[in-house]
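Chain and residue survey
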Amino acid sequence: MLDKDKRYLVALSGGADSVCLLLVLRQLGYQVDAVHCNFHLRGEESNRDEAFVVDLCQQQQIELHRIHFDTTTFAKTHQISIEMAARELRYRYFEQLRQDMGADGICVAHHQDDSVETVLLNLLRGTGIHGMTGIKARNGYILRPLLCVSRSEITEWLDHQHQTFVTDSSNLETDVIRNKIRLNVIPQLKAINPGACQQILHTAQRLREAACVYDEAVQDKLSRLIHGDSIGVEELLRESSPESILYEWLAPMGFNPKTIESIIPLLPTIQAGREWKSETHQLTYSQGRLLAEPIMADLPTLRIPETGIYIYHDTAKLRIEQIHGKQIEKDASKASLDMAKVSFPLTLRPVKAGDRFMPYGMKGTKLVSDYLTDRHINVFEKRRTLVLCDSNGEILWLVNHRPDARFCINDLTQETLSFSFFNIKK
């Protein structure tokens, strides 16, 4: 896991685990710097921890990097828990420091007991196979050299070294689920079976091996079933475990297990347009397939006072030209209208419910939504579809589809208003 020719950062809180990790690595001859975060969550105790860390690093002649966070304000601003805020701030700083220093890894002091707690915590939350495998020894640049030892072995070693450490009082409270598992559940399990923690770790190890086989099989199936951002429902239902495949596809997009479980029973008789959302993605059913994509912000409305070139939403360009005589365009990304029939200012906007137009080549008006449905346009594409309207709000052009017949060129046309709409390459 480690190389003595490389430099590593060690997350040092001042607690037994991190103190042990720092000193063990130092004694074994590794090049280490210590990193301490003061989250200002425990008043004077937080400052006590920092002072202890400063003294320890001075005694050991280890370079120390320190940072202070207003964790409470960060949590409120981002509407996340204090624990999540501290974690995000900590690891963001660690990674930035690692890059700035050119360090090869960030060592954190998780041990066997932490891994047992994680397995039990994930079991209570409801988890897939990966949640039951415990903590990884390596996760990118995050390294956990102490996962092979227990908390009791750590404290025993520190006693032997006559090395003091600080105790985080919040770890002794039972108002956090992990603390309740540590202080209440695990002692009860050990009372039932003194080897309970070792058995849990052995099971986690076996599940890690099983997860490798599972991942390989699932990835093979996903590569065969997923096309673009969609999966065929009939093909999915023919698999031995549709729920597992759906979970592995959707979980990275933020869909929780409960939502995924609710989708499976609906698939045999699912109706077009059914939709689900996570915080970042949306899922819908269309034409026999489940489609997923990131949630897109609402598209804006652009006012167009005259001919010219206009940038839309920083992603597309609309060109409007006045041409003498008749010029007919057959490309769907272009439209040719009779200048005399068009009144400025124009408006480019997303399609709205109830929009109607008279598609060129058809008789009578038609709901835009029905027109798009007839052309097998899914709900996500519908929301991205734009219409170009005149000063009276009449639709001139269903952009990249079809112009309105009432404004098209005819034998009497003397001036053509030419439109072209195309994406901007980034």
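Coordinates for the structure precede this section.
Residues numbered from 1 in each chain as written. Predicted model: local features only at pLDDT ≥ 70, side-chain atom pairs only at ≥ 80, totals over all residues. Heavy atoms only, no water.

**Description of the packing of helix H1 (residues 16-27) against helix H2 (residues 44-60)**
Their axes nearest at 12 Å, the elements H1 and H2 cross at an angle of 10°. Classified by the angle between their axes, H1 and H2 sit roughly parallel to one another. For the pair formed by H1 and H2, the contact residues are Val19, Leu22, Leu23 and Arg26 on the first element and Phe52, Leu56 and Gln60 on the second. A breakdown of the residues in the contact of H1 with H2 according to their chemical character gives 5 nonpolar, 1 polar and 1 charged. (Axes fitted to C-alpha atoms, helices over the stretch in contact; angles between N-to-C directions. Helix = DSSP H or I, 4+ residues; strand = E, 2+ residues; numbered from the N terminus. Parallel < 35°, antiparallel > 145°, perpendicular 65-115°, else oblique. Contact = heavy atoms within 4.5 Å. Nonpolar A, V, L, I, M, F, W, Y, C, P; charged D, E, K, R; others polar.)

**Digging into the nonpolar core**
Of all hydrophobic cores here, the largest spans 25 residues; its most connected members are Leu12 and Leu22. The set of elements that each furnish at least two residues to this core consists of strand E1 (7-11), H1, strand E2 (31-38), H2 and helix H6 (151-160). Take this core: its biggest share by element is 7 residues, from H1. The residues contacting Leu22, other than those within four sequence positions of it, are Val10, Leu12, Val32, Ala34, Leu56 and Ile62. (Core = buried A, V, L, I, M, F, W, Y, C linked by side-chain atoms within 4.5 Å. Buried < 20%, exposed > 50% of the residue type's maximum accessible area, 1.4 Å probe, protein only.)

**Observations concerning the sheet that holds strand E15 (residues 334-338)**
Read from one edge of the open sheet, 4 strands run E13-E14-E22-E15, paired in antiparallel fashion. Only two strands of the sheet have a single partner each, and these edge strands are strand E13 (308-312) and E15. Neighbour to neighbour, the strand axes of the sheet diverge by 20° on average, direction disregarded. Pairing analysis gives 5 bridges linking E13 to strand E14 (residues 316-324), with the strands arranged antiparallel. Within E14, the residue paired with Tyr312 across the bridge is Ala316. (Pairing = 2+ DSSP bridges.)

**What about the environment of Leu396?**
Relative to the elements of secondary structure, Leu396 occurs in strand E20 (residues 395-398). Taking the C-alpha atoms as reference, Leu396 lies 39 Å from Gly254; in sequence the two are 142 residues apart.

**Some details on the sheet that holds E20**
Taken in spatial order, the 5 strands make up an open sheet running E12-E16-E19-E20-E21, and their pairing is antiparallel. For this open sheet the edge positions go to strand E12 (302-304) and strand E21 (402-403), each flanked by a neighbour on one side alone. Sheet topology places strand E19 (residues 386-389) next to E20; 3 bridges connect them, and they run antiparallel. Each bridged residue has a counterpart across the sheet, and for Val387 the counterpart in E20 is Leu398.

**Focus on the side chain of Ser420**
Within the element layout of this structure, Ser420 appears in strand E22 (residues 415-423). In this view, Ser420 contacts Lys317, Leu318, Arg319, Ser333 and Lys334; residues no more than four positions away in its chain are not counted.

**A closer look at the pattern of salt bridges**
Enumeration over the complete set of coordinates arrives at 19 salt bridges. Salt-bridge contacts for Glu50 lead to Arg66; the nearest nitrogen and oxygen are separated by 3.0 Å. Note that Glu50 is positioned in helix H2 and Arg66 in strand E3 (residues 64-68), a separation of 16 residues in sequence. Among the residues examined, Glu50 registers a relative accessible area of 8% and is labelled buried. Here Glu394 makes a salt bridge to Arg406, at a shortest N to O gap of 3.6 Å. With a gap of 12 residues between them, Glu394 in the loop between E19 and E20 and Arg406 in the loop between E21 and E22 connect regions that are remote in the sequence. Glu394 sits in the partly exposed class, given a relative accessible area of 34%. (Salt bridge = Lys/Arg side-chain N within 4 Å of Asp/Glu carboxyl O.)

**Some words on the pairing of E15**
Here E15 lies mainly inside the structure; 4 of its 5 residues are buried. Bridge analysis of E15 against E22 gives 5 bridges, and the strand direction is antiparallel. From the neighbouring strand, Ser336 faces E22, where its bridge partner is Ser418.

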